[in-house]
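This is what each chain is made of:
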Amino acid sequence: MSSEPKGSGTIYALRRVFQETPTLRKGIFITIGFAGLGTLIQLVVPVVIQTVIDQDLLGADEVDVGSVLQKGLIALGAMFLAFLVRRQALVRLARASATGLSELRVRTFEHLHKLSILHTEAERRGALVARVTSDIASIQDFMDWGGVGLLIGVAQVVLAVVAMAIYRFDLALVVIAAVVVYTVMLVWIQRILARAHDKVRTRVAQSLGAMGEAISGLPVIRAYGAEEETRVKVADALDAQFRSEFRTALLGASLFSSAEMFAGLITAAVIGVGVVTGATSGMTAGTLLAFLFLVNLLVQPIQTLVETLNQAQSAGAGVRRILAILDTPIEIDDPDDPVLLPAGTLRIEFDDVSFHYKEDAPLFTGLDVEIAAGTRVAVVGETGSGKSTFSKLLTRIHDPISGRVLLGGVSLTDIATDDLRRRLAYVPQEGFLFDTTVADNIRYGKPDATEAEICAAITDLELDSWVAQLPAGLSTPVGERGGQLSAGERQLVALARAWIVEPDVLVLDEATSAVDPALEVQTRRAMEQLIAGRTSVTVAHRLSTAEAADEILVFDQGELVERGSHDELVAAGGVYTAMYADWVKGTQKVE
Amino acid sequence: MTTQHTSLKSMLREGGAIAVRFAKARTGSFVLAVVGAALFVAAIVASAIVIGWVTDELIVPVLDGGESYEDLLWPAMWAVVAVALWKAAAVILRRTAASFLQFRVQADARHDLIEHMLKLELAWYQRQSTGTLLAVSDTDVRQGTFILAPLPYGIGSSLLLVGTVVLILILDPWLALLAFFCLGVIVAVNMNGAWRMFNAFRDVQSLRGEVSGIAHESFDGALTIKALGRIDFETARFQEASERLRDKLIYVLEMMATYRVGVEGLLSAVTVIMVIAGALRINSGAVTPGDIVTIAYLLSLLFIPIRIIGFVLWSIASSRAGWERVQDVYDVRDLVPYGDLLADSDDTGAHVSGSTVSFAYDEGGAVIEDLNLAIKPGRVVAIVGPTASGKSTLTALMARLWDPSTGSVSIDGRDLRSFARSALPGEVAYVSQESFLFDDTVTGNIAFGVLASEGDVVAAAKLAGAHEFIQELPEEYDTTLGERGTSLSGGQRQRIALARALVRKPRLLILDDATSAVDPSVEARILERLRDSEMPSTIVIVAYRTSSIALADEVVFIDDGKIVAHGTHHELTAGVPGYARIVEAYAEDAAERAEEGRGA
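Bear in mind that the values here come from a model prediction, so they are computed numbers and not experimental data. (Residues numbered from 1 in each chain as written. Chains lettered and ligands numbered in written order. Predicted model: local features only at pLDDT ≥ 70, side-chain atom pairs only at ≥ 80, totals over all residues.)

Q: Go over the overall build of chain B with me, naming the residues and quoting the values.
A: Along the backbone of chain B there are 21 helices and 10 strands. In terms of C-alpha radius of gyration, chain B reaches 36 Å, well past the compact-globule figure of 25 Å for 600 residues. If you line up chain B on its principal axes, its C-alpha atoms span 120 × 50 × 50 Å. Taken over 600 residues, chain B has a buried fraction of 52%. Within chain B, contacts between residues at least 6 apart in sequence are counted, and of these 79% link residues at least 24 apart. (Helix = DSSP H or I, 4+ residues; strand = E, 2+ residues; numbered from the N terminus. Rg over C-alpha atoms; globule rule 2.2 N^0.38 Å. Buried ≥ 20, exposed ≤ 12 C-beta atoms within 10 Å, placed from the backbone. Contact = placed C-beta atoms within 7 Å.)

Dropping the structure here:
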């Protein structure tokens, strides 16, 4: 995020939001025009009433009811017209803000999905949801309440100043000078207020964090009997939030009351100057009173504008957070001029690939790997060896920092996403499921898949007996995040979801780690029969997969240290030999 | 989505009840805010009187009558400033007190909500989405307390409304009747608007929940979505929900614009009507022109209270819509029942038993059925079974994360349900497949909910095989983990979670596949250390690897929610084919492969 001063930050942020969202600014001048016109027409009412009182009621002995009625009807007509015009201004504003912000919301959502932050920094996901919910809502609030006030207020100020200048230029100068002084003061106070609001936001984030932890960590809290400790933690965070909110409100109250003082002082000044100079310059009481009426007209919106400053602060903060997302360049972008993948089985190449998650911790430097088309490869290594990252580079979840990953001789960066996902399927360990049925989750891999295709995939993977014991078979709802299924079952669904794509390259990253051994072996054997001739890369925690592979890649601290068949590597006496001994010890029959 | 229509009366009654509840909870600040509002309104009247006085005594005589201003100029200016000071002070009082009221009530409501949720059964919790619960605690509480911002102001300024009608009554009863009728119409229009808004607000709120739900789910599944190339689909799904929210918002905002501008227009119209009616009354000699001037002026003052009353009514609508969802959580009565047994500080392992235990989740059939089990103190027991056989559920029942539908689970003959709140974790420690880390230091995460010395924490970390990597973290045991902290690998997280259990020296330690992401040799070392340590625990582990199972004294083989066999690993391997099939799957696979290799 940029580090410009906070005061200009808000204005900068709000200006940026208008730039980023053309819908917001489309026709904004027409809207302002409507607001100004409405305010102008509305002024007819007090003027008419004043005239009626001065001419018809106070002036004559007998009131001319016809004349009063006529003027009254004019006022009512003006009032109705003002209603129509002002309503139109508000409606236009509402439409523009709701539409523009919905667009901004969707854009931010899409942009977030195209960044890697969602899966590399899983813990921040909850906070990122706020970008497309509460941050947008704070801008919406500002547009709908503050924006209206701003629109009408500015129109009123301009009208009042113009009218004043027409009445008495010298008095108008006094008022304008005062407004300028007050505005300078407001900007100064607003800076203090901005700091207070920043503190509130920090405190709000902290108490949200504390509440979020209490809610999502509830099972752990229950298991460890830490309810009271958690409650105290939440209470402390909420108290800290309350104190900073109250302090800010106190500051806001002072700010708002300064508007009242300003109004009083300016009225006193106009009376003073008017009375002292009026006697010599020939000003009538009527002129001065009309002028005072205009002063009142001017001061009212200034109070509203001060209030708007408050809302602008939190809207500005929301905008800044959204801009921080939108300003992060997309790492994985579709090529402008995509190359079509060749038909048939595909070979894989890593050409001088370097990669790191954090600058100070390089993972791969100059990695070269070639996997022949149609081979079954297992990737093994200890935690942190880079085996999982290898699969993410291969599937273009990440792009290399330098070097290229090629599929069928084409660099991944030159392949259209649709083309790539049709030919290559990747099953990560998590096995994330959506809150719908088993069938719909499988169909997520291939939206146009028929019921028959889904059943065929299940049969291919020899999972029929598993599906049969589900409460409602394929129509069983899986619950939120697949919570109604066990971890192993979730992985089975995720596997079927990739299988249904019928990919030419299958990449599995510990995709069956939570499935029981018997079922895992059975499923793997079923797949082996079917993927003959296709390229497959399996990142394996359990070495039984490696035993069955054509070739094994052994990673250690970001380097490819060994490769070969299972028998070759066991005999080699290196890293794999030790890993395999460990595995055999863990899985052998215990006599 | 269906809009349930709530009647105007019930909206006002329930909205009023919410307001009364808040006002009662914080009477002091509520009264202060009302007083501040009343003082403010009085100041507005006073400023009008002062301006009138200055006009009559200073401006007109000086400018039109040519009199000297010497005597009155300074007093007049001072009077104007003094009234402004009064107004400013009243503003500070009203706003400060109202803010105190609003923010304090919000903090209290959030605290009470979390406290309440912490007491509810996990069965209830499992049915909720954590995102929704957080939204209830955050946005719904905020929306539910909206009413508190304008309420004191509304009450205080209503005095002006009453005062105006009374003053007009004194001047002329017929005009007062007319004013009363006109103002009644305005208030009725306001109420009608609030009522229609209420029903629309509800839809907006539920659409907001939908948008947030999709974002939560979609962000959680980000890797899967990217892997399957479905970003466009997700964006379209989100866009659809966002646009439905947009349309509803436009509908609400248009309605609001109509009422807002309409009511202000109506108020101007009332002034005009009163002046016309006043003209007729002058002719009949009932009132003087001066009275009409006063009435017109009084009516112009009503802009403030009418506008604020509108706000109050609309806020009642939106408050009720928000508070409804908060109240729904408060009203959940699925409290975990507790007894009064305290934890036993005995330093022997616990005797665990389950008799005729059955369990079913909300949807679907029985996961555990009529299960009987006894585990002797100090034993290490492995629970083995195929995918989805009920292993995790069984361990969760032992830790009393759930209660059985029938039957009972006890340790040392004491039913788990007879323990006092927070007492059971003094005896039982449970580590699940998913390790949840708190936004706290390593030490804070390990010594979670328990008083432990630094030495205890390090010892537990060593036992859990976590000490080595903790020492390599930027600030070792003081490194912050969790949402804003350092990211750890799955295996590292699991070891921290294990240390969290071990530091309590539990009499029953339950590990539900808790070391699945740890390398096999590391896992075996941890389990060996555990068994050989001085810790007087009964240990229950859910495991697959024969190396882990071999460390167990006995094995419980479970399938389809029933115990199929209970004995030593040897007995089960020899006598239970289903068991052998699972634990020896890899060995069999390797053997078969070797066979095939030779055959080829």
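This is not the end of the story, as more comes after the structure.
Q: Could you give an account of the overall build of chain A, with specific residues and numbers?
A: When its secondary structure is counted, chain A shows 22 helices and 10 strands. Relative to the compact-globule value of 25 Å for 591 residues, chain A shows a C-alpha radius of gyration of 35 Å, a clear excess of over 25%. Along the first, second and third principal axes, the C-alpha set of chain A runs to 120 × 50 × 45 Å. Expressed as a percentage of its 591 residues, the buried residues of chain A come to 50%.

Q: Account for the sheet that holds strand 1 (residues 352-360) of chain B, naming residues and giving values.
A: Residues and elements named next belong to chain B. Pairing within the open sheet is antiparallel, and its 4 strands lie in the order 2-1-4-5. Across the chains shown, the open sheet's two edge strands, defined by having one partner strand only, are strand 2 (366-375) and strand 5 (414-415). Pairing of strand 1 with strand 4 (residues 406-411) involves 5 bridges; the strand directions are antiparallel. What sits directly across from V352, in strand 4, is I411. Sheet strands touched by helix 12 (residues 391-398): strand 1, strand 2 and strand 4. Its angle to strand 1, the strand with the most contacts, is close to 125°. (Pairing = 2+ DSSP bridges. Axes fitted to C-alpha atoms, helices over the stretch in contact; angles between N-to-C directions.)

Q: Lay out the environment of I309 of chain B with the relevant residues and their values.
A: Residue and element names in this part refer to chain B. Note on placement: I309 falls in helix 11 (residues 303-330). On the basis of neighbour count, I309 is assigned to the buried category, with 24 C-beta atoms found within 10 Å. C-alpha of I309 to C-alpha of F40: the two residues are 269 residues apart in sequence and 15 Å apart in space. With residues near it in sequence (within four places) discarded, I309 still touches G154, S158, V187 and N190.

Q: Provide a residue-level description of the confidence of the model for chain B, including the pertinent values.
A: All names here are of chain B. Put simply, chain B has an average pLDDT of 82, and 96% of its residues get 70 or more. For chain B, per-element mean pLDDT is lowest for helix 21 (residues 585-599), which scores 72, and highest for helix 3 (residues 70-117), which scores 90. Scored as a whole, the predicted complex attains pTM 0.80, and scored at its interfaces, ipTM 0.83. (pLDDT = per-residue confidence, 0-100.)

Q: Explain the interface of chain B and chain A to me, using residue names and the numbers behind them.
A: Contacts between the two partners involve 139 residues from chain B and, on the opposite side, 145 residues from chain A. A per-element tally of the side of chain B that touches chain A places helix 9 (residues 231-283) of chain B first, with 28 residues. In terms of residue class, the side of chain B that touches chain A is made up of 74 nonpolar, 41 polar and 24 charged. (Nonpolar A, V, L, I, M, F, W, Y, C, P; charged D, E, K, R; others polar.)

Q: Just give me the short version of the packing of helix 5 (residues 65-114) of chain A against helix 9 of chain B, but keep the residues and values in it.
A: In the contact formed by helix 5 of chain A and helix 9 of chain B, the axes pass within 8 Å of each other and the chain directions differ by 165°. Judged by the angle between their axes, helix 5 of chain A and helix 9 of chain B are roughly antiparallel. Crossing handedness for the pair helix 5 of chain A and helix 9 of chain B: right-handed. Class assignment of the residues belonging to the contact of helix 5 of chain A with helix 9 of chain B gives a composition of 28 nonpolar, 12 polar and 10 charged. (Parallel < 35°, antiparallel > 145°, perpendicular 65-115°, else oblique. Left-handed = near helix turned anticlockwise from the far one by under 90°.)

Q: Tell me about the domain arrangement of chain A, and please be specific about residues and values.
A: Assigned domains of chain A: these are domain 1 (6-326) and domain 2 (348-587). Distance from the C-alpha centre of domain 1 of chain A to the C-alpha centre of domain 2 of chain A: 55 Å. (Domains from an automatic or database assignment.)

Q: Can you break down unusual backbone geometry residue by residue, with the values?
A: One non-glycine residue, R396 of chain A, adopts positive backbone phi at about 60°. Note on placement: R396 of chain A falls in the loop between helix 13 (387-394) and strand 4 (402-407). Overall, the presence of 23 C-beta atoms within 10 Å leaves R396 of chain A in the buried class. For R400 of chain B, which is not glycine, the phi torsion reads 55° and is therefore positive. Counting through the fold element by element, R400 of chain B comes out in the loop between helix 12 and strand 4.

Q: Give a description of the sheet that holds strand 7 (residues 505-509) of chain A that names residues and reports values.
A: Residue and element names in this part refer to chain A. In space, the 6 strands of this open sheet follow the order 6-7-8-3-9-10, with mixed pairing throughout. In the strand order of this sheet, the two ends are held by strand 6 (424-427) and strand 10 (559-564), each with one partner. Taken over all neighbouring pairs, the strand axes of this sheet differ in orientation by 15° on average, direction set aside. Contacts from helix 22 (residues 575-587) reach strand 3 (376-381), strand 9 (551-556) and strand 10 within the one sheet, and its direction differs from that of strand 9 by about 100°.

Q: For the packing of helix 11 (residues 227-281) of chain A against helix 3 of chain B, give the residues involved together with the corresponding values.
A: Two numbers describe how helix 11 of chain A lies on helix 3 of chain B: the axes approach to 8 Å, and their chain directions differ by 165°. In terms of their interaxial angle, helix 11 of chain A and helix 3 of chain B are classed as roughly antiparallel. Seen along the crossing, helix 11 of chain A lies across helix 3 of chain B with a hand that is right-handed. Tallied by class, residues from the contact of helix 11 of chain A with helix 3 of chain B come to 30 nonpolar, 9 polar and 9 charged.

Q: Describe the domain arrangement of chain B, naming the residues involved and giving the relevant values.
A: Looking at chain B, the domain boundaries give domain 1 (11-212 + 249-330), domain 2 (342-427 + 510-600) and domain 3 (434-505). Taking the mean C-alpha position of each, domain 1 of chain B and domain 3 of chain B sit 54 Å from one another.

Q: Report on the pairing of strand 6 (residues 428-431) of chain B, specifying residues and quantitative values.
A: Residue and element names in this part refer to chain B. Because side chains alternate across strand 6, one face comprises the buried residues V428 and Y430, and the other comprises A429 and V431, equally buried. Pairing of strand 6 with strand 7 (residues 508-512), which is carried by 4 bridges, proceeds in the parallel orientation. When the bridges of strand 7 are listed, V431 appears paired with L511.

Q: Any chance you could break down the pairing of strand 10 (residues 562-567) of chain B for me, citing the residues and the numbers?
A: Two elements, strand 9 (residues 554-559) of chain B and strand 10 of chain B, share 5 bridges in a ladder whose sense is antiparallel. In the strand pairing of strand 10 of chain B, V556 of chain B is matched with H566 of chain B.

Q: Describe the environment of A176 of chain B, and please don't skip the residues or the numbers.
A: Residue and element names in this part refer to chain B. Mapped onto the secondary structure, A176 falls in helix 7 (residues 173-220). Considering only alpha carbons, one finds A176 and S10, 166 residues apart in sequence, at a separation of 31 Å. Residues contacting A176, with those up to four places away along its chain left out, are V165, I168 and L169.

Q: Can you explain the environment of S353 of chain B? Please cite residues and give values.
A: All names here are of chain B. Along the chain, the position of S353 falls in strand 1. Using a count of 18 C-beta atoms within 10 Å as the deciding quantity, one classes S353 as partly exposed. For the pair formed by S353 and M535, sequence separation is 182 residues and the distance between their alpha carbons is 21 Å. Not counting chain neighbours up to four residues away, the residues in contact with S353 comprise L373, A374 and S410.

Q: Give a description of helix 16 (residues 451-460) of chain A that names residues and reports values.
A: All names here are of chain A. Regarding helix 16, the residues found buried are I454, A457 and I458. All buried residues of helix 16 fall inside an arc of 100° around its axis, so they share one side. Counted as exposed and oriented over 90 degrees from the buried face of helix 16: A452 and T459. Where helix 16 is buried, its residues meet helix 15 (438-443), helix 17 (464-468) and helix 18 (487-499). (Arc of directions from axis to C-beta.)

Q: Which residues make up the nonpolar core, and what values do they have?
A: Membership of the largest hydrophobic core comes to 362 residues, with the highest contact counts inside it found for A496 of chain A together with A317 and I510 of chain B. With 21 residues, the single largest contributor to this core is helix 9 of chain B. (Core = buried A, V, L, I, M, F, W, Y, C linked by C-beta atoms within 7 Å.)

Q: Which residues make up the confidence of the model for chain A, and what are the values?
A: Averaged over all residues, the pLDDT of chain A is 82; the fraction at 70 or higher stands at 95%. In this model, residues 1-7 of chain A is a region of pLDDT below 50 whose contacts with residues beyond four sequence positions or in other chains number 12 contacts.

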